[in-house]
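This is what each chain is made of:
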Amino acid sequence: MYARILGTLTLSDGLRTVTPRAPKQRQLLSLLLLHAGQVVTVDECVDELWADSPPHSAHSTLQTYVMQIRKTLRSAASVTGAPAEMYLETRDRGYLLAVGAGQLDLHQFEKLVEQASLARIVGDHTRESELLHRALGLWPGKALADVTCGPLLRTRLSGLRETRLGALEQRIDADLRIGRHHQLIGELRVLTRQYPTYENLHAQLMIALSRSGRTADALEVFAGLRRTFSTELGLEPSARVRELHSDLLNSVPVRESVYLPGPDSTPVPLRTAG
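This section reports on the structure supplied with the text. (Residues numbered from 1 in each chain as written. Predicted model: local features only at pLDDT ≥ 70, side-chain atom pairs only at ≥ 80, totals over all residues. Heavy atoms only, no water.)

This part takes up the nonpolar core. Within the largest apolar cluster, 76 residues are counted, with the highest numbers of intra-cluster contacts made by Ile-5, Leu-28, Leu-62, Leu-97 and Phe-109. Per-element accounting of this core gives the leading share, eight residues, to helix H6 (residues 151-177). Apart from residues lying up to four places away in sequence, Leu-28 is in contact with Cys-45, Leu-49, Leu-62, Tyr-65, Val-66 and Ile-69. (Core = buried A, V, L, I, M, F, W, Y, C linked by side-chain atoms within 4.5 Å. Buried < 20%, exposed > 50% of the residue type's maximum accessible area, 1.4 Å probe, protein only. Helix = DSSP H or I, 4+ residues; strand = E, 2+ residues; numbered from the N terminus. Contact = heavy atoms within 4.5 Å.)

Listed below in structure tokens is the structure:
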């Protein structure tokens, strides 16, 4: 059994796709998968499925959805003949979806990011880049793109988007450290348009352009960032990015360790908005 949530919701038994079709079942399964190994209370399930307007039959309907998801998991395991490592338990006024190792793409993503962080600490940026490319490759699109999301899923997905963006910034940083600045320019152009107030992405683009012999373009990136910050936030870019700008103006060789988080730290945006 294998489940995907980093894209469209997919539940597969290895031979066929067994993803529930009913919208509420899909929504409940998504909630349980995003909290795999943790108890999700009945009240949380009701809140996710019906928000502020639960029907009088909410608890009994929820039990029906749980029964149907259990049936799907058991039948899939019986078809493949494999141990039912993914199963749904009733626990303390709630439900826990047990997921075995390697059965959920989110867990694979988190494991690869953790391994990449260890490679970063020891300075193996080639290995770090490879691991993060693999991790980000597990995201073919927006997480749970085809699932109707209630308040709990929306909150969890917002955190996941930030986690993915952090991994993406770390991967770009690793690529810069191993000399892939030429290949990064196009990608960073797109990302800085998509995230106009994420300073790290702009700093990374400035570094990539400078190392490609395009200092004037790098200075224009800073000018655009400064205009955005002034117009939208009433602020100046951070001291780190201003220092990068100053070094470019004075033809000082750029050192990503000065402007971006170091190899012994977890990369985070220097400052963001929105």
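For the rest of this paragraph, the subject is the pairing of strand S5 (residues 94-98). Extensive coverage of S5 is indicated by the burial of five of its five residues. Side chains Gly-94, Leu-96 and Ala-98 of S5 all project onto a buried face; the interleaved residues Tyr-95 and Leu-97 project onto the opposite face, where all are buried too. Of the pairings in the sheet, the one linking strand S3 (residues 39-41) to S5 comprises three bridges and is antiparallel in character. Of the residues in S5, the one forming a bridge with Thr-41 is Gly-94. Strand direction decides the pairing type here: strand S4 (residues 87-91) and S5, joined by five bridges, are antiparallel. Residue pairing in the sheet places Thr-90 in a bridge with Tyr-95 of S5. Counted along the chain from S4 to the antiparallel partner S5, the turn is two residues long, and its residue Asp-92 has a positive phi close to 40°. (Pairing = 2+ DSSP bridges.)

With that settled, consider the packing of helix H4 (residues 105-121) against H6. If you want to describe how two helices pack, look at the angle between their axes and the distance between the axes. Running from amino to carboxyl end, H4 crosses H6 at an angle of 35°, the nearest separation of the two axes being 11 Å. Here H4 runs over H6; the crossing is left-handed. Facing H4, whose interface residues are Leu-106, Phe-109, Val-113, Ala-116, Ser-117 and Arg-120, H6 presents Arg-156, Leu-160, Thr-163, Arg-164, Ala-167, Gln-170, Asp-173 and Arg-177. For the contact of H4 with H6, the residue count by class is six nonpolar, three polar and five charged. (Axes fitted to C-alpha atoms, helices over the stretch in contact; angles between N-to-C directions. Left-handed = near helix turned anticlockwise from the far one by under 90°. Nonpolar A, V, L, I, M, F, W, Y, C, P; charged D, E, K, R; others polar.)

Attention now goes to the pattern of salt bridges. All chains considered together, the criterion is met by 12 salt bridges. Salt-bridge contacts for Arg-120 lead to Glu-128; the nearest nitrogen and oxygen are separated by 3.0 Å. Among the residues examined, Arg-120 registers a relative accessible area of 1% and is labelled buried. Of the residues examined, Glu-128 reaches a relative accessible area of 0% and is grouped as buried. Put simply, Arg-171 and Glu-187 hold a salt bridge, and the shortest N to O gap is 2.7 Å. Of this pair, Arg-171 sits in helix H6 while Glu-187 is found in helix H7 (residues 181-194), placing the two residues 16 residues apart along the sequence. Under the relative-accessibility criterion, Glu-187 is labelled partly exposed at 28%. (Salt bridge = Lys/Arg side-chain N within 4 Å of Asp/Glu carboxyl O.)

Right, let's get into the packing of helix H1 (residues 23-34) against H6. Relative orientation of the contacting elements H1 and H6 amounts to 45°, with a least axis distance of 10 Å. Viewed along their axes, H1 and H6 adopt a mutual orientation that is oblique. By crossing handedness, the relation of H1 to H6 is classed as left-handed. Only Leu-152, Leu-153, Arg-156, Leu-157 and Leu-160 of H6 make contact with H1, whose side of the interface consists of Gln-27, Ser-30, Leu-31 and Leu-34. Per-class residue counts for the contact of H1 with H6 are six nonpolar, two polar and one charged. (Parallel < 35°, antiparallel > 145°, perpendicular 65-115°, else oblique.)

Time to look at the environment of Arg-26. Tracing the backbone through its elements, the reader meets Arg-26 in helix H1. For Arg-26, the contacting residues outside a window of four places in its chain are Leu-9, Thr-19, Pro-20, Arg-21, Asp-146 and Val-147. Engagement of the side chain of Arg-26 in a polar contact is seen with the side chain of Asp-146, the distance being 2.6 Å. (Polar contact = N/O pair within 3.5 Å; in protein donor to acceptor, adjacent residues only side chain to side chain.)

Turning our attention to the packing of aromatic side chains. Counted according to the given criterion, the structure contains three aromatic pairs. Aromatic pair Trp-50 and Tyr-65: ring centres 6.4 Å apart, planes at 20°, arrangement stacked. In this pair, Trp-50 sits in helix H2 (residues 42-50) while Tyr-65 sits in helix H3 (residues 58-80), placing the two residues 15 residues apart along the sequence. Its relative accessible area of 15% is what places Tyr-65 among the buried residues. (Phe/Tyr/Trp six-rings, centres within 6.5 Å; stacked < 30°, edge-to-face > 60°.)

Attention shifts here to the sheet that holds S5. Adjacent strands of a sheet pair through backbone hydrogen bonds, lying either parallel or antiparallel. Strand order in the open sheet formed by three strands is S3-S5-S4, with antiparallel pairing between adjacent strands. Each edge of the open sheet carries a strand with a single partner, namely S3 and S4. On average, each strand axis in the sheet is tilted by 30° relative to the strand beside it, whichever way the strands run. Against the sheet, H1 contacts S3, S4 and S5, and its axis sits at roughly 70° relative to S5.

By themselves, these observations are geometric and do not establish any function.
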